[in-house]
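A structural walkthrough
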Amino acid sequence: PTAEGQPGVILSPSGTTRRPRGARATRRGPGGSVQGTIQSGIRSMMLAAEDSGAPKLERPPTASLVTVPLFHLSGLYANCVMMLAVGAKTVWRLGKFEPLEVLRLIERERITNWAGLGSMAPRVLNHPEVGRFDLSSIRNLGSGGAPTSPTLQSRMRQVAPNGRQAVGLGYGSSESVSVVSVITGAELEQHPTSVGRPQACHQVEIRDPLGRALPEGQEGEIFVRSPFTMLEYWRNPEATARTILPGRWLATGDIGHLQDGRLYINSRARDMILRAAENIYPVEIEHRLEAHPHVAEAAVIGVDHPELGQA
C-alpha cells in the first residue's frame, strides 16, 4: 500500500496564470480535508447551540447538490470525498449551469447543502422566480472561489430557513488541498469580511515583499502551512520553487491581514491596482457596487494611466 505521504492525486488549478498547473497532493491531503471539515462542522454546531437567536429546526438527511467541477477543491474534496466519507447523498448536474435547474433540484431532491461558487449563488438566490420554489430543506449555504460580499451573505440568510446559521465561508485552494479557514453563523454575521480562523493543523502568516512576517493588522501576502499542503507542481520545478518556500510554506498570491486571530482577504496580489503609489483593492469597490439594488454583479480592473501609473 502507498504511504500517506506519497502522491495520491493531481488537480489542475490555473488561478491567475491562465495555463493549468498540476497541483500534486499526497494521499494524506484529501483525508485531512475531510477531518478539517468535520472539525469545523462540530465547532459550528457548538456555536449554534449557544446562539439563543437561532431557530430550532429539524435536520433532514444530508443531501448535497454539486454544481462545481471535479477539478476544483470544492468539487472533488469538499463534495465527492467528504460526502463519501460520511455516507451522504449527493446530487450531480451535467452540462451548463442553469439557475432554474438548481432551484428545481433543491426543491425536488430536498437539498440540505449547496455551495454556490463564484457567480452561481447570486444568480440563483436573486433569480426573479426564486419565490416559486420550496427551499425549506436548505441548512447549509456556502460560497467561495471569490470574496463573498456582505450583500450576498444577507441574501443567503434571507433564503435559508435557519437564517445566519446556514451561511458559511471558507478559504483554501488546490495547492493548500484542505480548507485553511472557515467562518459560519453568528461569527460571520459579526465579521462579514473575514474568512475565519485557521483550522486545526493549519498555520497562517502575513509577510511583506521581503518575506518578513508582519504583525496583526498589517497587510501583506498570505502564506499558509499544514501537513496537507501539495507536494509540488507536476513536472514544473520552477513554479514549485516560487510557490513552496522553505519550511513548506505555501505562497498563496493573496493579499490580506490577521486581526484578533481571524483572516481577512483583500485581493490577489496580481489584481491589486497601484494608483499614485497607493494600493487599491478591487474587491472593496466591487462589494460597494454590489450593495446597490440595481447592480447584479461587478468587476473592477486597473487600466494604465500616464500620470498615476494605474487608474
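Each chain has its residues counted from 1, following the order in which its sequence is written. Restriction of local features to residues with pLDDT of at least 70 applies here, the model being predicted, together with a cutoff of 80 or more for giving and counting side-chain atom pairs; totals for whole chains, interfaces and linings are based on all residues. Here the side-chain values reflect all heavy atoms present in the structure, with hydrogen atoms and water set aside.

Things to note about the overall build of the chain
Selection rule: Put simply, DSSP H or I for four residues or longer makes a helix, DSSP E for two residues or longer makes a strand, and each gets a number counted from the N terminus. For a compact globule the rule gives 2.2 Å times the number of residues to the power 0.38, and the radius of gyration it is set against comes from C-alpha atoms. For the exposure calls, accessible area comes from a 1.4 Å probe over protein chains only, and a residue counts as buried if that area is under 20% of its type's maximum, exposed if over 50%, partly exposed in between.
Across its full length, the chain carries eight helices and 19 strands. The C-alpha radius of gyration of the chain comes to 20 Å, within 12% of the 19 Å expected for a compact globule of 311 residues. Seen through its principal axes, the chain has C-alpha atoms that stretch 60 × 50 × 40 Å. Looking at the chain as a whole, 45% of its 311 residues qualify as buried.

Regarding the packing of aromatic side chains
Threshold: Stacked, edge-to-face and tilted labels apply to pairs of Phe, Tyr and Trp rings (six-membered ring for Trp) whose centres lie within 6.5 Å, assigned for plane angles under 30 degrees, over 60, and everything in between, in that order. By definition here, charges over rings are those cases where NZ of Lys or CZ of Arg is within 6 Å of the ring centre and within 35 degrees of the ring normal.
Enumeration according to the criterion identifies zero aromatic pairs in this entry. Directly above the aromatic system of Y233 lies the positively charged group of R21, at a separation of 4.3 Å from the ring centroid. Looking at R207, its charged tip hangs above the ring of W249, at a distance of 5.2 Å from the centre.

Brief notes about the packing of helix α1 (residues 28-50) against helix α2 (residues 73-86)
Inclusion rule: The convention used is that axes are lines fitted to C-alpha atoms, helices contributing only their stretch in contact, and that angles between N-to-C directions extend from 0 to 180 degrees. Angular relationships are summarised with four words: roughly parallel below 35 degrees, roughly antiparallel beyond 145, roughly perpendicular across 65 to 115, and oblique for the angles in between. Whether two residues are in contact is decided by their heavy atoms: any pair within 4.5 Å suffices. Polar here means any residue other than Ala, Val, Leu, Ile, Met, Phe, Trp, Tyr, Cys and Pro, which are nonpolar, and Asp, Glu, Lys and Arg, which are charged; Gly is therefore polar.
Between α1 and α2, the shortest axis-to-axis distance is 10 Å and the interhelical angle comes to 80 degrees. Considering their axes alone, α1 and α2 lie roughly perpendicular with respect to each other. For the pair α1 and α2, contact is made by P30, S33, V34, T37 and I38 and by Y77, V81, M82 and A85, respectively. Here the residues of the contact of α1 with α2 sort into seven nonpolar, two polar and no charged.

Focus on α2
Looking at α2, one finds that the buried residues are L73, G75, L76, Y77, N79, M82 and M83. G87 sits one or two positions beyond α2 and adopts a positive phi of about 70 degrees.

Considerations on the pattern of salt bridges
What counts here: Every case where a carboxyl oxygen of Asp or Glu lies within 4 Å of a side-chain nitrogen of Lys or Arg is listed as a salt bridge.
Summed over all chains, the structure comprises 13 salt bridges. With its nearest N and O atoms 2.7 Å apart, the salt bridge here joins D208 to R212. You can call D208 buried: its relative accessible area is 15%. In the salt-bridge network here, residues are joined through shared partners; they are R43, E187, R197 and R262.

Re the side chain of S226
Keep this limit in mind: Two N or O atoms count as a polar contact when they lie within 3.5 Å, although within protein this holds only if one can serve as hydrogen donor and the other as acceptor, and sequence-adjacent residues are included solely when both atoms are side-chain atoms.
Along the chain, S226 turns up in the loop between β11 (220-225) and β12 (232-233). There is a polar contact of 3.0 Å between the side chain of S226 and the backbone nitrogen of F228. The residues contacting S226, other than those within four sequence positions of it, are S176, S178, C201 and H202.

A closer look at the side chain of T112
Looking at where T112 falls in the secondary structure, it is placed in the loop between α3 (99-109) and β5 (113-115). Given a relative accessible area of 2%, T112 falls into the buried group. Only 2.8 Å separates the side chain of T112 from the side chain of N113, close enough to count as a polar contact. With residues near it in sequence (within four places) discarded, T112 still touches P60, P61, T62, A63, S137, I138, R139 and N140.

Some thoughts on the nonpolar core
Within soluble globular proteins, side chains that are nonpolar generally end up buried alongside one another. Inclusion rule: In these notes, a set of buried Ala, Val, Leu, Ile, Met, Phe, Trp, Tyr and Cys residues joined through side-chain atoms within 4.5 Å is what counts as a nonpolar core.
Counting 31 residues, the largest nonpolar core has L65, V102, I106, I111, W114, V124 and L135 as its most contacted members. Beyond its immediate sequence surroundings of up to four residues, L65 is in contact with N79, V91, R93, V102, L105, I106, I111, N113 and W114. Counting 23 residues, the second-largest nonpolar core is a separate cluster that includes V177, I206, I222 and L258.

Quick word on the sheet that holds β12
For sheets, the rule is that strands pair by backbone hydrogen bonds, running either parallel or antiparallel. Stated formally: For two strands to be treated as a pair, DSSP must find no fewer than two bridges joining them.
Read from one edge of the open sheet, three strands run β1-β2-β12, paired in antiparallel fashion. Since the sheet does not close on itself, it has two edges, and those belong to β1 (7-11) and β12, each with one partner. Bridge count for strand β2 (residues 23-26) against β12 is two bridges, and the pairing is antiparallel. By the bridge assignment, A23 is partnered in β12 with Y233. The strands that α2 touches are β1 and β2; relative to β1, the one it contacts most, it runs at about 135 degrees.

Remarks on helix α5 (residues 150-159)
Using the following cut-off: This arc is taken over the directions from the axis of the helix to the C-beta atoms.
Regarding α5, the residues found buried are L152, Q153, M156, R157 and V159. End-on, the buried residues of α5 take up no more than an arc of 165 degrees, which puts them together on one face. Of the surrounding elements, those touching the buried residues of α5 are α4 (120-125), β6 (140-143), β7 (167-171) and α6 (185-190).

Here we look at a nonpolar patch on the surface
Just so we agree on the cut-off: Residues form patches when they are more than 30% accessible in relative terms and have no salt bridge. Like charges link within 9 Å. Nonpolar side chains (Val, Leu, Ile, Met, Phe, Trp, Tyr) link within 5 Å. Accessibility throughout is a Shrake-Rupley quantity obtained with a 1.4 Å probe, and a residue counts as covered only by protein chains that appear here.
Together, I38, I42, M46 and V86 make up an exposed nonpolar region whose accessible area comes to about 360 Å². Ranked by the residues each element gives to the nonpolar patch, the list is headed by α1, at three residues. Relative to the helices and strands, V86 resides in helix α2. Its relative accessible area of 44% is what places V86 among the partly exposed residues.

Quick notes on the confidence of the model for the chain
Definition in use: Confidence of the predictor in every single residue is expressed as pLDDT, which spans 0 to 100.
On average, the chain scores 90 in pLDDT, and the residues at 70 or more come to 98%. Strand β17 (residues 278-280) is the least confidently modelled element of the chain, averaging 83 in pLDDT, while strand β10 (residues 203-207) averages 98, the highest of any element.

Re unusual backbone geometry
At R110, a position not held by glycine, the phi torsion is positive, near 55 degrees. Looking at the secondary structure, you find R110 in the loop between α3 and β5. In this model, R248 sits at a positive phi of 65 degrees, which is unusual for a non-glycine residue. Turning to its location among the elements, R248 is positioned in the loop between β13 (244-245) and β14 (249-259). Of the residues examined, R248 reaches a relative accessible area of 34% and is grouped as partly exposed.

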